[in-house]
Amino acid sequence: MSTGRFRVRASVVDWTIAVGVAAALLITGLSGQRSGTSLDLLGYTSLAAGGLVLAARRRAPVVVLAVTGLCAVAYQAAGFDVPAVAYLFAVYAAVRAGRRTVTVAASVIMLAALPLAAMASGLHDTGEAFAQARGALELAWLIAAGAAGEALRQAERRAEEAERTREEIARRRADEERLHIARELHDSLVHQISIIKVQAEVAVHVARKKGEPVPEALLAIQEAGREATRELRATLEVLRDDDTAPPRGLDHIPALVERARTTGLDATLTIRGERPDVPAALDRTVYRIVQESLTNIARHAAAATASVQIDYRPGALAVRIDDDGTATPGTAPVPGVGLLGMRERVTALGGRLRAAPRGEGGFSVQAELPLERAS
C-alpha cells in the first residue's frame, strides 16, 4: 500500500515539473520577437514537447534525454533563443539512473549541434551562433546538473547499502538467538527427558520380565517420554533450520508422502497444473504444511488413508491434505502449536488457511497462497 502511494506521489511530482518546465519554455519563447515564419509552429511544439516529456524521466531516462536534446536543437533551429532547461533536467535524471556514459556522449553531441542549429536559424556570423548556443546550454550548468544527479545516486546507493547491512545484522542476530535457544533446550531438557524415558522403559521391561503387572502410570510415563522426545527433536530441527541451509520445498513433498506410507498410512499425492516459478518462502511454507499435516495424521487421526493435493493456479498455489480419521463435523479442532505455526506462515505470505473436520468424516487442511505476495 505504501509503495503504491509513493508511486502516485512521484508521478504527480513528475507531471508537475514537466508542466512547469513546458510552461516556462513556452512563455520564454512567446516573449521573444517573432518574425511570423512557418517555423513558429515547429518551435512552439518543440518547446512544449521538450518540457512535457520530462514526466517519463524516471521510467525512461535515456529516451527523455534524447527527446529533450532533439527538441532543444529543433527550437534553436526554428529561431527560438530559449535555454535548454528541459535538457538539464534530463541530464540530472539520466545520471541519477546511472547512465553516465550515455549522458556524456549526448551532451557532447548537443554542444556541437546547438551552434549548427543557431546558424540554421539564419545567423550567418559564426561567433554570434556560438554565443547563442552557449547561452542556451551553459557548460557550467550542464556539469552542475550531472554532478547533482551523481551525488543523489551515490546517496541513494549508500542508503540502500546501509539498509541491507541493518537487515543482515538483524537476521544474523535472530539466527544466533535461535541457535542459542536450541542449545539451551538440548542441554537442559533433552538430556533429562531421555533419562526419564530410559528409566521408565527399564522399569517396564523389568516388571514384564518378572511377570508382574505394569502400572498404568508407568506406561503413561513411558509414552509421554517418547512423545516429548519426538516433539523436542522436531522443535530443535525447526530452530536449527535457517535460510542458509538447503531449503526443503515442493521437490521434497513426494519423499514426505513416501515416508508416510512406511508407517502404514495409504497416502497419495496429486499435482495439478503447470508449476510456475515459486518463491523460496512459499516453497518452504507448502513443505511445512504438508509435513505438519501428515505428522498430525500419523499421531492423532487414527486414519487409514490420506491424500495430498497440490494445485497450481493462475497467480496462486493451493494445497489440500485430507484424511479419513476419527474427526467429525461436530468436534472443533484444538489449535495446537503445529496448526498455529501453519496459520502464521500462511498469513505472513498473504494467504488463507482452513483446517477443520470434513462433512464425510476425517480432517482437512486447505491453504491458498498468492504467488505475487510471496515474491
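Since this is a predicted model, take the numbers as computed values, not measurements.

Right, let's talk about the side chain of Asp-311 for a bit. Relative to the helices and strands, Asp-311 resides in strand β2 (residues 305-313). One polar contact links Asp-311 to Arg-313, side chain to side chain, over a distance of 3.0 Å. Ignoring any residue separated from it by four or fewer positions in sequence, one finds Asp-311 in contact with Arg-272, Ala-316, Leu-317 and Ala-318.

Once that is clear, we can look at the nonpolar core. Ranked by internal contacts, the top residues of the largest apolar core, which has 35 residues, are Leu-294 and Leu-317. Every element with two or more residues in this core is listed here: α9 (253-262), α10 (280-301), β2, β3 (316-323), α11 (337-348), β4 (352-357) and β5 (363-370). Ranked by residues supplied to this core, first place goes to α10 with eight residues. Counting residues in each nonpolar core, the second largest holds 27 residues, with Leu-54, Ala-78, Phe-80 and Val-95 among its members.

Geometrically, a packed helix pair is captured by the angle between its two axes and the distance between the axes. Put simply, helix α4 (residues 85-96) and helix α5 (residues 100-120) touch, their axes get as near as 8 Å, and they point 160° apart. Here α4 is positioned roughly antiparallel relative to α5, judged by the angle of their axes. α4 and α5 meet at a crossing whose hand is left-handed. From α4, Tyr-87, Val-91, Ala-94 and Val-95 reach across to α5, where they touch Arg-100, Thr-103, Ala-106, Ser-107 and Met-110.

Further remarks concern the pattern of salt bridges. Applying the stated rule across the entire model yields 14 salt bridges. Linking Glu-156 and Arg-96 is a salt bridge whose minimum nitrogen-to-oxygen distance equals 2.5 Å. With Glu-156 in helix α7 (residues 139-209) and Arg-96 in helix α4, this residue pair connects regions lying 60 residues apart in the sequence. In this structure Arg-96 comes out as partly exposed when scored by relative accessible area, which is 24%. One salt bridge connects Arg-153 with Glu-150, and the closest N-O pair in it is separated by 3.2 Å. Here the residue Arg-153 and the residue Glu-150 both occupy positions in helix α7, the gap between them amounting to three residues, near one helical turn. Classification of Glu-150 by relative accessible area gives buried; the value is 18%.

All right, on to the pairing of β3 then. By the criterion of burial, β3 is predominantly enclosed, with seven of the eight residues buried. In this sheet, β3 lies alongside β2 in antiparallel orientation, the contact comprising eight bridges. By the bridge assignment, Asp-311 is partnered in β3 with Ala-318. Here β3 runs beside β5; their pairing, made up of seven bridges, is antiparallel. Considered in β5, the bridge of Val-319 is made with Ala-367.

Turning our eyes to something else, we now look at the environment of Ala-280. Assignment of secondary structure puts Ala-280 in helix α10. Ala-280 sits 30 residues away from Leu-250 along the chain, and the two C-alpha atoms are 9.9 Å apart.

Structurally, Arg-358 is set in the loop between β4 and β5. Side chain to side chain, Arg-358 and Glu-360 meet in a polar contact 3.2 Å long.

Cut-offs applied
Residues numbered from 1 in each chain as written. Predicted model: local features only at pLDDT ≥ 70, side-chain atom pairs only at ≥ 80, totals over all residues. Heavy atoms only, no water. Helix = DSSP H or I, 4+ residues; strand = E, 2+ residues; numbered from the N terminus. Polar contact = N/O pair within 3.5 Å; in protein donor to acceptor, adjacent residues only side chain to side chain. Contact = heavy atoms within 4.5 Å. Core = buried A, V, L, I, M, F, W, Y, C linked by side-chain atoms within 4.5 Å. Buried < 20%, exposed > 50% of the residue type's maximum accessible area, 1.4 Å probe, protein only. Axes fitted to C-alpha atoms, helices over the stretch in contact; angles between N-to-C directions. Parallel < 35°, antiparallel > 145°, perpendicular 65-115°, else oblique. Left-handed = near helix turned anticlockwise from the far one by under 90°. Salt bridge = Lys/Arg side-chain N within 4 Å of Asp/Glu carboxyl O. Pairing = 2+ DSSP bridges.

Purely spatial values, then, with no claim about function.
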